[in-house]
Amino acid sequence: MESYQRTHSCGELTAADIGKKVILNGWVFKLRNHGGLFFINLRDRFGVTQTVIDDGAPERLRGAAASLKFECCIAVCGTVRPRPDSMVNPQMPTGEIEVAAEEIVVLNGCDTLPFMIDEEETQAKEDLRLRYRFLDLRSGGMQSRIALRHKTAFAVREFLNGEGFFEIETPTFIKSTPEGARDFLVPSRIHKGKFYALPQSPQLYKQLLMVSGFDKYFQIARCYRDEDARGDRQPEFTQIDMEMSFVSAEDVYSVTERMMKHVFKKALNVDLPTPFPRIPYAQAMNLYGSDKPELRFDMTFVDFTEAARNCSFSVFRNAVEEGGTVKLLIVPGAAEAYSRKKISELEETAKIYGAPGLAWMKATENGLEGGISKFFENDGSVSAGRLGFKAGDLLLFSAGPFKTAVTALGAVRLRLGKDLGLIDPNRFSFCWINDFPLFEWNEEERKWDPAHHMFTMPKEKYLATMEENPGEVIGDLYDLVCNGYELASGSIRIHDPAVQKRIFKIVGFSEEQAEEKFGFLLNAFRYGAPPHGGIAPGLDRLVMIMAGKDSIKEVIAFPKNNVMASPMDGSPSPVDAAQLKELGLSVTEKEA
Ligand code: ASP
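How each quantity is defined
- Residues numbered from 1 in each chain as written.
- Predicted model: local features only at pLDDT ≥ 70, side-chain atom pairs only at ≥ 80, totals over all residues.
- Heavy atoms only, no water.
- Near = heavy atom within 4 Å.
- Polar contact = N/O pair within 3.5 Å; in protein donor to acceptor, adjacent residues only side chain to side chain.
- Helix = DSSP H or I, 4+ residues; strand = E, 2+ residues; numbered from the N terminus.
- Nonpolar A, V, L, I, M, F, W, Y, C, P; charged D, E, K, R; others polar.
- Buried < 20%, exposed > 50% of the residue type's maximum accessible area, 1.4 Å probe, protein only.
- Contact = heavy atoms within 4.5 Å.
- Pairing = 2+ DSSP bridges.
- Axes fitted to C-alpha atoms, helices over the stretch in contact; angles between N-to-C directions.
- Salt bridge = Lys/Arg side-chain N within 4 Å of Asp/Glu carboxyl O.
- Arc of directions from axis to C-beta.

A.B. asks: Quick question: what am I supposed to make of the site of the ligand here?
C.D. replies: Near the ligand, the surroundings consist of 13 residues, among which Gln203, Lys206, Arg225, Gln239 and Arg493 are the closest. Taking His452, its side chain carries an N or O atom lying 3.0 Å from an oxygen atom of the ligand. For the ligand, an oxygen atom lies 2.7 Å from a polar atom in the side chain of Arg493. Residue assignment for the shell around the ligand shows that the elements contributing at least two residues are α5 (203-211), β21 (485-492) and β22 (532-537). Broken down by class, the residue content of the shell around the ligand amounts to two nonpolar, seven polar and four charged.

A.B. asks: Sorry, what's going on with the side chain of Glu243 here?
C.D. replies: Residue placement: Glu243 occurs in strand β10 (residues 236-245). Given a relative accessible area of 0%, Glu243 falls into the buried group. Among the polar contacts listed, one links the side chain of Glu243 to the side chain of Lys206, at a separation of 3.4 Å. Residue contacts for Glu243: discarding those within four places in its chain leaves Phe165, Lys206, Gln207, Met210, Asp215, Lys216, Tyr217, Arg493, His532, Gly533, Gly534 and Ile535.

A.B. asks: Can you walk me through the sheet that holds β22 in this structure?
C.D. replies: Paired through their backbone hydrogen bonds, the strands of a sheet run either parallel or antiparallel. With mixed pairing, eight strands are arranged side by side in an open sheet as β6-β9-β10-β22-β21-β20-β17-β11. At either end of the open sheet lies a strand with only one pairing partner, and these are β6 (166-167) and β11 (278-280). The pairing of β6 with strand β9 (residues 216-224) spans two bridges and is parallel. By the bridge assignment, Glu167 is partnered in β9 with Phe218. Strands β9, β10, β20 (477-482), β21 and β22 of the sheet are contacted by helix α16 (residues 539-546), whose axis makes an angle of about 140° with β21.

A.B. asks: What am I meant to see in the pattern of salt bridges here?
C.D. replies: Once their charged atoms are close, side chains differing in charge can pair, the charge on each being opposite to the other. According to the stated counting rule, one finds 42 salt bridges in the structure shown. Its salt-bridge partner being Glu554, residue Arg145 comes within 2.9 Å of it at the nearest N-O pair. With Arg145 in helix α4 (residues 140-162) and Glu554 in the loop between α16 and α17 (577-583), this pair connects stretches of sequence that are 409 residues apart. You can call Arg145 buried: its relative accessible area is 4%. Relative accessible area serves as the criterion here: at 14%, Glu554 is assigned to the buried category.

A.B. asks: Sorry, what's going on with the pairing of β10 here?
C.D. replies: Among the ten residues in β10, nine count as buried, and that is most of the element. Here β9 pairs with β10 via nine bridges, running antiparallel. Across the sheet, the residue bridging to Ala221 is Gln239, located in β10. Relative to β22, β10 is paired through four bridges, and the arrangement is antiparallel. Within β22, the position partnered with Met242 by the bridge is Ile535.

A.B. asks: Would you explain helix α7 (residues 281-288) in this entry?
C.D. replies: Residues that lie three or four places apart on an α-helix share one face, since the helix turns once every 3.6 residues. Every buried residue belonging to α7 is among Tyr281, Ala284, Met285 and Tyr288, and all of these are buried. Mapping the buried residues of α7 onto a view down its axis gives an arc of 105°, with all of them on the same face. Looking at the buried residues of α7, the elements they touch are β11, α12 (402-419) and β17 (430-434).

Shown next as structure tokens:
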């Protein structure tokens, strides 16, 4: 190989190199045979260079060119020369030159490809892409997204280092730490019958690092959650995990905003406007029906609850009588475009989120028409002046228990935003959602669950009396949202063992259970634990949004598929009986 080792990459030769003898190494990307004149586009990570075998070239060379296959790995030795004027390609960094080949050496051949390697995106189905991920990763799209991921992670480290953060690794074999999901377990061979858990996040360890006085910690940390395969989830994902001592939520907002600004500038050359708007949770639910609102378009809800209280449409009246809500979404100018059929498609979306239906009417020059308009003919509550609509608008209503009604209408809003092309794909719309409730009622188990995790501090004014009405306690916690995605969660933490014990009690841990699970944390808090707080932006989601994609698989080199399996290496897979025996385990149930 040595004598065929590259002198240049495939992305660097320009007119300044004309006349040089060079050796290029790379993959056969494009092959053209123009009646004996061969063009081979050679590709590596750095770019593409056109190499040429002239018609007059020796038979040996022409034979070698003729037998090349796509994606075989070759070395081309030759001389750099200008391209004929008509073939100059200003779009390509190497577009002024070509390499006249004098020798071609096949470093490794290539079997018939399962799909073509594309300059942009591989056109194959996802399963095939994942089975041959090593080839899929050769596509221009994947190469540029993996590069973006690298730049993003690098910019994160650069920024946080500049702010005085230490990157500290925490263990991947830990004691089970409930964060709302199921743990992946690792059996211990030495301690039979005992298990390590893979961390759902480094939460407890970063808090312990604060007790140890490290003050500012971060880690680009792998997290593992054994959740059901649903939507765009991966069993392992990466967080930019951060924790700081002696901070308030304001400090966390500030450092996170500055980090995002730095990262977008460095990795994308985009100037992010800061500070990000802040929306309290209750307001986000009231206006957008979501705690991760898509802010790239407006269309906020109008509250119709009071107006509905005495209206003649019994569905609305009953909803209000039962303590529910009626919300209105005004879709500007959509009355004509939305036929009954299209409205029933929107209704299907609302139903997915538990709403029994979607009520509608249209505002026209002649007043209200269609749907439930007959109930409001003589009712001044649906007036353009009061509700802010105009002729030509479509009016959509959702009624029922608050959460269901707003969530369903929120999903309809999002769908309309997409269908009506209201979302600018080139914008990044960040916001903070804060003032979340600390606890959520778990109807199934009839108990309170932590809304974020149980290490979050209640806001001070609720501290003394939080046991009285847990549902009303607001926590010192915040989410960072971008383009409708939850990008990060974080909070100011409890550092007082007495408060921590009270929270454990509210969420149903007995003193013994709390001691058994978190004794080490409570113990650490007894040794001068500083006040602290943090946040953890998801790296996969961040890069996905930056890349304008809607699946994190597009920014992870080797992701699992939608059923959490890897078609490439066949994981998860059975293991030898001997391995199980050594671990003291036996399998009692198997996948069909
Ligand atoms: N550990 C939390 C999470 O994974 C983030 C945090 O509170 O810092 O969501």
